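Below are the chains, spelled out letter by letter.
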There are 2 protein chains.
Amino acid sequence: MADSSYTIGVDLGGTNLRIAAVSPEGRFIEKIALDTEVKEGRERVVTDLCDAIKELERRLKGSKLAGIGIGVAGIINLANGTVRQSPNLPGWSDFPVRDDIERRLRTHVILENDANAAALGEKWVGAGRDASGLCMMTVGTGIGGGVILDGRIWHGMDGMAGELGHMTIDPNGALCGCGNLGCVEAYAGASAITRMAAAAIRVGRSPELAREADALGELTAEIVYIKAKQGDLVAREIFEMVGRSLGVALANLINIFNLPLYVVGGGVARGWDAFAPALMAEVRKRSLVYRSSSTRIEPSSLGGEAGLLGAAYLPHMRDPQWKNQ
Amino acid sequence: MADSSYTIGVDLGGTNLRIAAVSPEGRFIEKIALDTEVKEGRERVVTDLCDAIKELERRLKGSKLAGIGIGVAGIINLANGTVRQSPNLPGWSDFPVRDDIERRLRTHVILENDANAAALGEKWVGAGRDASGLCMMTVGTGIGGGVILDGRIWHGMDGMAGELGHMTIDPNGALCGCGNLGCVEAYAGASAITRMAAAAIRVGRSPELAREADALGELTAEIVYIKAKQGDLVAREIFEMVGRSLGVALANLINIFNLPLYVVGGGVARGWDAFAPALMAEVRKRSLVYRSSSTRIEPSSLGGEAGLLGAAYLPHMRDPQWKNQ
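Residues numbered from 1 in each chain as written. Chains lettered and ligands numbered in written order. Predicted model: local features only at pLDDT ≥ 70, side-chain atom pairs only at ≥ 80, totals over all residues.

Student: I would appreciate a short explanation of the sheet that holds strand E4 (residues 64-72) of chain B in the present structure.
Tutor: Strand-to-strand pairing in sheets goes through backbone hydrogen bonds, with the strands running parallel or antiparallel. Residue and element names in this part refer to chain B. In spatial order, the strands read E3-E2-E1-E4-E7; together these 5 strands make up an open sheet with mixed pairing. The open sheet has two free edges, formed respectively by strand E3 (28-35) and strand E7 (109-113), since each of these has just one partner strand. Each neighbouring strand pair of the sheet contributes to a mean axis angle of 15°, computed without reference to strand direction. With 6 bridges connecting them, strand E1 (residues 5-12) and strand E2 (residues 16-22) associate as antiparallel partners. Opposite Val10, over in E2, you have Ile19 as the bridge partner. On the sheet, helix H1 (residues 42-59) packs against E1, E2, E3 and E4 and is oriented at approximately 25° with respect to E2. (Pairing = 2+ DSSP bridges. Helix = DSSP H or I, 4+ residues; strand = E, 2+ residues; numbered from the N terminus. Axes fitted to C-alpha atoms, helices over the stretch in contact; angles between N-to-C directions. Contact = placed C-beta atoms within 7 Å.)

Take a look at the structure:
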């Protein structure tokens with residue numbers, strides 16, 4: 001490894017804390033996977049994070065660390081490096097996480113929203129490696145988004161751009177965690193999938209899902225997906241709703257941006273085959289720009305690694321925290 | 001005028017054809033207003049357009065013509081200067097309008113979509129003169145859009161970006177002229193306003209509107225606006241629907257772009273006071289980015305001149321037909 005260089009990427013989520021050393025070509029060199037000990041408090045999480053970075057530096061002694069990028073599950077204040085809002089990291093609001101980490105590591109780090117980092121990862125070595133721009137919806141428990149325009153993350157004036165999960169797709173629709181009615185997140189996130197399945201079980205519409213949930217002692221989006229693949233009608237209806245909802249949101253984004261590529265990532269994207277037909281039908285119906293251009297819509301090609309790789313790419317960018325408007 | 005320079009802007013709509021000489025500071029020097037003789041065919045319209053430009057050149061002899069920009073009511077193919085689609089200019093599809101005009105005038109002209117030109121006009125000398133970016137919805141018969149990012153029109157890969165009027169805001173909603181259900185244009189454009197008013201008259205819900213339409217021999221969005229201001233309940237409901245619909249669309253755009261300014265222009269924007277309260281209430285409810293940033297939402301400050309001024313600004317831009325992705 002002597003003479004070579006690497007960057008470190010961090011994916012700081014509400015559940016998992018992952019740290020990786022990545023080559024300039026976007027290949028993993030070393031990885032550390034931890035639980036995010038959210039309940040132990042910020043101090044513990046930041047200590048774990050910094051210890052892991054130091055451990056990677058030790059392992060790669062002789063190579064040059066070219067920079068550190070950190071993707072955080074929350075809205076970032078680019079100006080001062082705080083977490084502005086994060087439902088997944090309770091108690092972190094307005095905490096100067098960047099300064100704290102920089103003090104401990106005695107080096108510069110770049111903070112980024114995790115969905116923006118994921119979009120950047122796909123652009124670097126994923127589905128978008130040949131595209132100069134893309135728009136990505138990261139569909140996990142909730143839905144995040146990242147927009148890459150002309151090779152750079154579009155941050156907007158406060159770093160809050162790309163809140164794609166809270167696009168209204170049905171003005172009198174389902175209640176979203178944000179308090180609004182009819183956000184796409186309320187129809188297509190993993191929480192929405194389990195909510196719809198639980199409702200179907202409650203009214204006796206899906207004995208099959210009820211049995212499975214009982215047997216496993218839990219009800220997850222993955223169980224609903226497996227049942228959909230096995231032909232259960234209610235589970236299939238739910239994934240059709242996921243596809244139609246993402247399709248409405250993507251049709252809008254295609255009409256707005258006219259980008260070459262739209263990527264669906266996050267855990268729910270593993271159910272691509274179950275929701276893609278409904279998604280594509282909706283986009284064709286609703287986007288005149290799609291119908292007259294060669295727009296690609298694809299599942300993430302990096303899966304759960306998109307955010308980690310994107311974070312590791314941040315130090316390679318010119319002016320990664322470009323504030324634009 | 002000797003030693004001074006000017007540009008010429010053209011606003012080529014389905015009804016009006018306007019040509020203006022504009023100073024480098026964005027002030028009108030001379031204006032020619034004609035009807036667009038759509039029924040007489042393309043040849044006639046292009047001849048009128050070129051004759052007017054030549055007439056302005058004659059009037060401003062001694063000043064230097066620094067360039068010509070033309071805003072066209074249609075989707076423009078930036079690569080070859082054709083009108084890709086235009087419901088307002090039937091028979092112009094795929095017509096090489098730029099080449100034709102350049103051949104007649106023996107000089108270079110810059111073609112642009114009219115809603116993009118309007119957004120650029122507002123950025124130059126209108127509501128956005130202090131903003132580096134803005135997003136504008138032009139609400140006329142239908143709804144067009146233009147997005148200015150970091151001072152430049154966002155064209156997307158084919159020049160089709162900014163189709164904001166066909167954003168789905170209610171997936172099972174009203175039928176739009178584009179064939180889709182629930183586009184914002186189907187709720188907030190002038191056609192939608194008269195459609196909603198006609199429906200209310202038909203079922204006897206608004207004798208007041210019926211009387212007025214009878215007396216005037218027509219039913220226009222402006223009549224509905226005047227009745228709303230006079231307190232007619234049905235007319236007020238219609239403008240509330242306009243406001244709520246534009247509010248849903250703007251909330252989505254604010255969550256996506258996090259820009260400093262959103263402008264509502266076009267003829268319907270003259271009814272700003274009748275629809276703005278519902279619009280703002282909807283945005284506050286639906287956009288978390290709006291609630292935590294200092295986003296401005298304003299009516300056009302140039303009114304019907306935005307597109308003409310924006311067209312005249314095109315020659316001042318570096319790489320005005322920037323194809324981005």
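Don't stop here, the text continues.
Student: Looking at this model, I keep getting lost on the relation of the copies chain B and chain A. Mind explaining?
Tutor: In this structure, two copies of a chain are linked by a rotation about an axis accompanied by a shift along it. For these two chains of identical sequence, chain B goes onto chain A by a turn of 180° and a shift of 0.0 Å along the axis, with RMSD 0.0 Å. What the superposition gives is, in effect, a two-fold axis relating one chain to the other. The C-alpha atom lying nearest the rotation axis in chain B is that of B:Asp170; the distance is 2.5 Å. Of the interface residues in chain B, 100% have counterparts in chain A that sit at the interface too, so the contact is made through matching surfaces. (Least-squares fit on C-alpha atoms with pLDDT ≥ 70 in both.)

Student: Looking at this model, I keep getting lost on helix H6 (residues 207-216) of chain A. Mind explaining?
Tutor: Since the α-helix turns once every 3.6 residues, residues separated by three or four places project in the same direction. Residue and element names in this part refer to chain A. Every buried residue of H6 is accounted for by Leu209, Glu212 and Ala213. For H6, the angular spread of buried residues about the axis comes to 95°, placing them on one side. For H6, exposure combined with an orientation more than 90 degrees from the buried face picks out Pro207, Arg211, Asp214 and Ala215. Turning to H6, the residues buried within the fold contact helix H5 (190-202), helix H7 (221-229) and helix H8 (233-257). (Buried ≥ 20, exposed ≤ 12 C-beta atoms within 10 Å, placed from the backbone. Arc of directions from axis to C-beta.)

Student: How do you make sense of unusual backbone geometry when you look at a structure like this?
Tutor: Note on backbone geometry: most residues besides glycine have negative phi, and most peptide bonds are trans. For A:Asn258, which is not glycine, the phi torsion reads 50° and is therefore positive. Not every positive phi belongs to a glycine, and B:Arg106 is a case in point at roughly 55°. With respect to the helices and strands, the residue B:Arg106 is situated in the loop between helix H2 (97-105) and E7.

Student: In this structure, what is going on with the nonpolar core? I would like to understand it.
Tutor: General note: in soluble globular proteins, nonpolar side chains tend to be found buried as a group. Counting residues in each nonpolar core, the largest one holds 222 residues, and the members touching the most others are A:Leu246, A:Ala249, B:Leu246 and B:Ala249. Apart from residues no more than four positions distant in its own chain, B:Ala249 is found in contact with B:Met137, B:Leu164, B:Met167, B:Ile169 and B:Val184. (Core = buried A, V, L, I, M, F, W, Y, C linked by C-beta atoms within 7 Å.)

Student: Explain H2(B) here, please?
Tutor: Residues and elements named next belong to chain B. All buried positions along H2 are accounted for by Val97, Arg98 and Ile101. Each buried residue of H2 lies within a common arc of 100° when the element is viewed along its axis, so the set occupies one face. Looking at the buried positions of H2, the neighbouring elements they touch are H1, strand E6 (82-85) and E7. Two residues or fewer after H2 comes Arg106, characterised by a positive phi angle close to 55°.

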